[in-house]
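Geometric and topological summary
Here is how the chains run, residue by residue.
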Amino acid sequence: MSDGATRGSQLQQPSQPQLGSEPPLVLPLTEVGLRDVAQVGGKNASLGEMLQQLTSKGIQVPTGFATTAHAYRQFIASAGLEEKLQEIFKDLDIENVQNLRERGKAARTLILQTPFPPQLEQAIAEAYQKLCERYGPDTDVAVRSSATAEDLPDASFAGQQETYLNVRGVRAVLNACHHCFASLFTDRAISYRQIKGFDHFQVALSVGVQKMVRSDLACSGVMFSIDPETGFKDAVLITAAYGLGENVVQGIVNPDEYVVFKPTLKQGLRPILSRKLGSKALKLVYDEGGSRSTKNVAVPESLRKQYALRDEEILKLAQWACLIEEHYSALRGRFTPMDIEWAKDGLTGELFIVQARPETVQSQKGANQLTTYRFTQPGAQPEPLVRGRAVGEAIGQGTARVILDVRRSDQFQAGEVLVTEKTDPDWEPIMKKASAIVTNQGGRTCHAAIIARELGIPAIVGCGNATQVLRSGEPITVSCAEGEEGRVYPGLLPYEVTEIPLEELPRPRTQLMMNVGNPEKAFGLSGIPCDGVGLARLEFIIANHIQVHPLALLNYEQAVKEEPRLAELTAQHPDKPEYFVDKLAQGVSTIAAAFYPKPVIVRLSDFKSNEYAHLLGGSRYEPHEENPMIGWRGASRYTDPRYREGFALECRAMKRVRDEMGLTNVILMIPFCRTPEEGHKVLEEMARHGLVRGENGLQVYVMCELPSNVILADEFCQIFDGFSIGSNDLTQLTLGLDRDSALVAHLFDERHEAVRRMIAQVIQTVKSHGRKIGICGQAPSDYPDFARFLVQAGIDSISLNPDSLLKTLLVVAEAEAAGTR
């Protein structure tokens, strides 16, 4: 094994046969590495590389053998097949579906009717027999095709050829290998090679024969060492479903999804940022005693409602993804994110890696331009026709075309939206003509998702009912630009595409930060140049992801009688308050991870009592107030006996984010803190729950949104580490008006001299005490003169909504330049 490890670390030359000897027809996977792609294809070379180099790091890979490209070429040459194949392809037209179908079928038939040379049969049989000696008679194997041009950095040949699972016995293995040779000429492989510019007769095929992992008795899935939608480099996305992995790859099931943060995972922490439960309705299992090697069976309802992986398994897989990525990046001399298939053996409980290839979409994109899609009339969209998992961040539109059978693909016209149950590689000739793709089944790592990313078109997968709801011929708009949920709208809605070059942007002294409330958009927003997050609101997470009043969870038995939906929402959490903690921690950690290690200022909950009452179970715990805007909100709730236990859940979530996940870039901020005495009480309450200012680098800021915060700024400086001006509340309370009242709305103006004097005064006081101060309102982006005023007053940071950040950055840079002249 030490020899193999030494050889595998050298990529200069592939291993050569001895002078005068015939090149091998079969090689053990333990004797090949990435240097041998020309001999055994990308898939098999990668398996051998991991067996040689990464098993010592704890990564388990099933062993096996591979036929070589020489074996394939000898088969073609010995039977004189190349001339016959060239004759078949002389008038190939991949744009003509019927022409492509006829040529592909003729080529496959020719190969299948040509027997293997005896020496090739013997070599495969002997190699399989060695596996049987190790694992038992007629051992079960996976037989997979691996093209010698497969998995190049700018082209994913994944799925272009065939895979056969649970193959047993010499005859069955030989038959599967023969069909793999023929699958070099599937319609989709022919089309794909033609589009990518590969010569059909320069590409050879290797067949990998690998011991099966009994994931039919457990689970399997796909993982990426990069976020496949946004290209965010510091996340591992793992999908999981019960049974053999083909269901996940082909999009037959909607799998569970888990996201893990790489930087603090490598520090030994447990940063599982999110878990999303998939329906996992079917599982692919061995067809014991049946006529086929595998079959799909229904998953019991009780198992569908459980996650397929435990946290320890999620973390182990993520660690393996990091190790594989690091190894391939070192070999290539550049960052190489990976697309990996994994499986869990139900007999032993062990995890295995069964495939790994370079990711071919996000890794090829340049980082010098930001492209954003948005509707030109936001908020005016009609009710979506269907919803599902968004793939990409674009908007597409066209006429819907519902096709349930790939044999009817000749009905599809270029520019239409493909609507179908699921896709596999047979659909690729028409997928490349589509303006968007919508499927009933699949998750973010399924075939439809991968190809849509590669083609640069939006796709929505896992809709469930798209083929029933959408009608061929109707115009629709497919939006993946509104977060993780993709939406299909009726009609062709107007939208715009903005492309912003990121090169040579000025970097002003004043920090430009971002307001972020929706965790689903955080990874995508992290690509916008900024200095961190100046305001992360908890309200969006609580209202949209949690939906339940915290006190209702603390008094669950009573609350569920009045709100039966609580049982459904919290089904994954036997400890009902833990539901609140878990969901809140996931939302905040996702935002914090997206911008790590830049500061992320998280404002603790600032619902008014009427807003809290709208949460499930909330009306029982909330008073009716005549003016909740200046009532029981912010700091005053946190230490009140009527809400203290609810605030404790927030504290538990924030402690988990910082201490267990390692996201110490999170700064906590107290809203609507009326007096220094109230500030002291809140800090004491936080300390009771393990959030001690100064410990583990914890900073605590205060919102500056009350006249008392300005007047007593020197005293607040003794309690808090920083301030963030909330210009909306500060304006209404300085001018004595209700900003929700239409009668006095015309008087609301952050630029009023009274407000400007308050802001200038507090900036001066805070800075004289060595504290930080920023602002998190929209006024600086709405009014360039207000941004200039803030810069002149010496503010440390300005936090803005994402769509106005770059515009304001230029204004701030100009203001700073003018101030130095």
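If you're wondering where the values come from, they're calculated on a predicted model, not measured in any experiment.

**So, helix α3 (residues 69-78)**
Residues A69, A71, Y72, Q74, F75 and I76 constitute the buried set of α3. Phi for G80, located one or two positions after α3, is positive at around 65°.

**Some details on unusual backbone geometry**
A cis amide bond links Y596 to the next residue, P597, at an omega of 5°. For P597, the position within the fold is in the loop between α21 (576-595) and β25 (600-603). Located in the positive-phi region is K280, a residue other than glycine, with phi close to 45°. For K280, the position within the fold is in the loop between β9 (272-276) and β10 (282-286).

**Quick notes on the side chain of S225**
Mapped onto the elements of the fold, S225 is located in the loop between β6 (219-224) and β7 (235-242). One polar contact links S225 to E325, side chain to side chain, over a distance of 2.6 Å. At a separation of 2.7 Å, a polar atom in the side chain of S225 contacts the main-chain amide nitrogen of M338. Once you skip the residues sitting within four places of it in the chain, S225 turns out to touch K233, A235, V236, K262, A321, E325, P337 and M338.

**Description of the packing of aromatic side chains**
Applying the stated criterion across every chain, the model contains 16 aromatic pairs. Ring centres of Y258 and Y307 lie 6.0 Å apart, and the angle between their planes is 55°; this geometry places the pair in the tilted category. Placement of Y258 in strand β8 (residues 256-261) and of Y307 in the loop between α11 (301-304) and α12 (311-332) is noted, with a sequence separation of 49 residues between them. Here Y307 falls in the partly exposed class, since its relative accessible area comes to 24%. Arranged with centres 6.5 Å apart and planes meeting at 20°, the rings of F716 and F720 form a pair that is stacked. A residue is classified by how much of its surface remains accessible, and F716, at 0% relative accessible area, is buried. Residue F720 is classed as buried on the basis of its relative accessible area of 0%. Following the ring pairs from residue to residue traces out a cluster consisting of Y72, F75, F116 and F181. One residue, R756, lies across the ring of F789, its end atom 4.4 Å from the ring centre.

**Brief notes about the nonpolar core**
Formed by 102 residues in total, the largest nonpolar core has its most connected members in L584, I670, M686 and I725. No other element matches the 11 residues that α21 contributes to this core. Beyond its immediate sequence surroundings of up to four residues, I670 is in contact with L604, A635, Y638, V682, M686, V700, Y701, V702, M703 and F720.

**Quick notes on the sheet that holds strand β5 (residues 205-211)**
With respect to topology, five strands assemble into an open sheet ordered β1-β2-β5-β3-β4, the strand pairing being antiparallel. Since the sheet does not close on itself, it has two edges, and those belong to β1 (26-28) and β4 (163-167), each with one partner. Here the strands of the sheet are splayed against their neighbours by 20° on average, with no regard to which way each runs. Here strand β3 (residues 141-147) runs beside β4; their pairing, made up of three bridges, is antiparallel.

Thresholds applied
- Residues numbered from 1 in each chain as written.
- Predicted model: local features only at pLDDT ≥ 70, side-chain atom pairs only at ≥ 80, totals over all residues.
- Heavy atoms only, no water.
- Buried < 20%, exposed > 50% of the residue type's maximum accessible area, 1.4 Å probe, protein only.
- Helix = DSSP H or I, 4+ residues; strand = E, 2+ residues; numbered from the N terminus.
- Polar contact = N/O pair within 3.5 Å; in protein donor to acceptor, adjacent residues only side chain to side chain.
- Contact = heavy atoms within 4.5 Å.
- Phe/Tyr/Trp six-rings, centres within 6.5 Å; stacked < 30°, edge-to-face > 60°.
- Lys NZ or Arg CZ within 6 Å of the ring centre and 35° of its normal.
- Core = buried A, V, L, I, M, F, W, Y, C linked by side-chain atoms within 4.5 Å.
- Pairing = 2+ DSSP bridges.
- Axes fitted to C-alpha atoms, helices over the stretch in contact; angles between N-to-C directions.

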